[in-house]
Amino acid sequence: MSEESAGSRPAVQRVFPPGAGQVDLGAAYALPPPTTGSAVHVRANFVTGLDGATTIAGRSGPLSGPADRAVFSTLRSLCDVVLVGAGTVRQEGYGPARPSEARQSLRRGLGLAAIPPIAVVSRSLQLDLDSPFFTEARARPILFTTEVTPKERRMAASQRAEVVVAGARTVDPDQALAALAARGLTRVLCEGGPTLFGHLLAAARVDELCLSLSPTVAGPTSHHLVVPPARSGRWPVELELVHILTDGASLFLRYRRRGPQQEPGGTTRP
Ligand SMILES: NC(=O)c1ccc[n+]([C@@H]2O[C@H](COP(=O)([O-])OP(=O)(O)OC[C@H]3O[C@@H](n4cnc5c(N)ncnc54)[C@H](OP(=O)(O)O)[C@@H]3O)[C@@H](O)[C@H]2O)c1
């Protein structure tokens, strides 16, 4: 997944709730004001085909388009930290966050760091430590890993990133999110993949899902939206619809977890 190119602003219209005219994505995806204490807001972002596929030939890119990239970049503009699973980093060849100057200044205006750090969840820590993701990162990456991960691998990774042990055999979402909150990183954007999303859902730690629905049936594919953990989980997870946007081809759905929580929307865009 790549960020939108500078200057492109596809026309996105609102379907629900009804409203005329082009949508200001920054306002449509505005987060509740920062919470006090250590409360963390976790928003997940995916693009899928109509059959729930998250990949074509192993990548999400073929499901995406200009408007989806605009949503992706908007969501990155509104978070303290990006959280992603190691499978996605490896498959998608993740690079460091490189927001445009305009996006950086938008972030500063919202009281956010110009560039968000990217936190990766990995038991194995089998990541290319010499890749640009690590060597060119302007915000030091965070690696969440486990007690069973070999110590020498953790030591090697700590040369390139902040390594945080957040669980015994798997990374525990509660521990990882508490560690982010302790660093002042409370607005979390999870960019997948399906395994990490499954762990977050099972732990009831997903507050929002921003789902782009591409008008594509991907066919046989090894990845769908959620890979639930084998043994745990509080299912089903009920969500409620916040909005539906469209560019005339894809749908951009915003859901939030059912239950008492702050109203999204409002005032974060200056
Ligand atoms: N369409 C979309 O929007 C979208 C978004 C994201 C990803 N994707 C696609 O999804 C595919 C990857 O799927 P995936 O399910 O493998 O992705 P993933 O969740 O990003 O990666 C799975 C890996 O992350 C680590 N991990 C996740 N949760 C963990 C936990 N609780 N504790 C310890 N480690 C944990 C493990 O890494 P280790 O193996 O290193 O231990 C695990 O093998 C890619 O093809 C990517 O293109 C699509």
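Conventions we followed
Residues numbered from 1 in each chain as written. Predicted model: local features only at pLDDT ≥ 70, side-chain atom pairs only at ≥ 80, totals over all residues. Pairing = 2+ DSSP bridges. Helix = DSSP H or I, 4+ residues; strand = E, 2+ residues; numbered from the N terminus. Axes fitted to C-alpha atoms, helices over the stretch in contact; angles between N-to-C directions. Near = placed C-beta within 6 Å. Nonpolar A, V, L, I, M, F, W, Y, C, P; charged D, E, K, R; others polar. Buried ≥ 20, exposed ≤ 12 C-beta atoms within 10 Å, placed from the backbone. Right-handed = clockwise from strand over helix to strand, strands pointing away. Contact = placed C-beta atoms within 7 Å. Arc of directions from axis to C-beta.

### Focus on the sheet that holds strand E7 (residues 187–190)
For sheets, the rule is that strands pair by backbone hydrogen bonds, running either parallel or antiparallel.
Phase 1 of the analysis: Reading across the sheet, the 10 strands line up as E1-E9-E10-E8-E2-E7-E3-E4-E5-E6 and stay open at both edges, with mixed pairing between neighbours. Each edge of the open sheet carries a strand with a single partner, namely strand E1 (13–16) and strand E6 (162–165). Across the sheet, the mean angle from the axis of one strand to that of its neighbour is 25 degrees, orientation sign disregarded.
Phase 2 of the analysis: Relative to strand E8 (residues 208–213), strand E2 (residues 41–48) runs parallel, the two sharing 6 bridges. Directly across from Val47, in E8, lies its bridge partner Ser212.

### Some remarks on the site of the ligand
Phase 1 of the analysis: Neighbouring the ligand are 32 residues; Gly85, Gly87, Gly192, Gly193 and Thr195 lie closest to it.
Phase 2 of the analysis: For the shell around the ligand, the elements supplying multiple residues, two or more each, are E2, strand E3 (81–85), helix H3 (86–92) and helix H8 (194–202).
Phase 3 of the analysis: When residues of the shell around the ligand are assigned to their parent elements, the largest contribution, 5 residues, is made by H3.
Phase 4 of the analysis: Residues that form the shell around the ligand fall into these classes: 10 nonpolar, 18 polar and 4 charged.

### With respect to the pairing of strand E9 (residues 239–246)
Phase 1 of the analysis: Pairing of E1 with E9 involves 3 bridges; the strand directions are antiparallel. By the bridge assignment, Gln13 is partnered in E9 with Thr246.
Phase 2 of the analysis: Bridging between E9 and strand E10 (residues 251–257) involves 7 bridges; their strand directions are antiparallel. For Glu240, the partnering residue across the bridge sits in E10 and is Arg256.

### A look at the pairing of strand E5 (residues 142–145)
Phase 1 of the analysis: On E5, burial covers both faces: Ile142 and Phe144 on one face and Leu143 and Thr145 on the other are all buried.
Phase 2 of the analysis: Relative to E5, strand E4 (residues 118–121) runs parallel, the two being bridged by 3 bridges. Note on E5: the bridge partner recorded for Val120 is Leu143.
Phase 3 of the analysis: With 4 bridges connecting them, E5 and E6 associate as parallel partners. Bridging across to E6, Leu143 finds its partner in Val163.
Phase 4 of the analysis: A crossover links E5 with its parallel partner E6, the connecting element being helix H6 (residues 151–157), and its sense is right-handed.

### Notes on the environment of Leu225
Phase 1 of the analysis: Its location among the elements puts Leu225 in the loop between E8 and E9.
Phase 2 of the analysis: When the 19 C-beta atoms within 10 Å are taken as the criterion, Leu225 is described as partly exposed.
Phase 3 of the analysis: In this structure the C-alpha to C-alpha distance between Leu225 and Gly21, which are 204 residues apart in sequence, comes to 31 Å.
Phase 4 of the analysis: Aside from chain neighbours lying at most four places away, what touches Leu225 is Phe46, Thr48, Gly52, Thr54 and Pro194.

### Details of helix H7 (residues 173–182)
Phase 1 of the analysis: Along H7, the residues classified as buried are Pro173, Ala176, Leu177 and Leu180. The buried residues of H7 occupy an angular sector of 95 degrees when the element is viewed end-on, so they sit on one face.
Phase 2 of the analysis: Taken together, the buried residues of H7 touch E2, E3, E4, E5, E7 and H8.
Phase 3 of the analysis: Gly184 sits one or two residues past H7 and shows a positive phi near 80 degrees.

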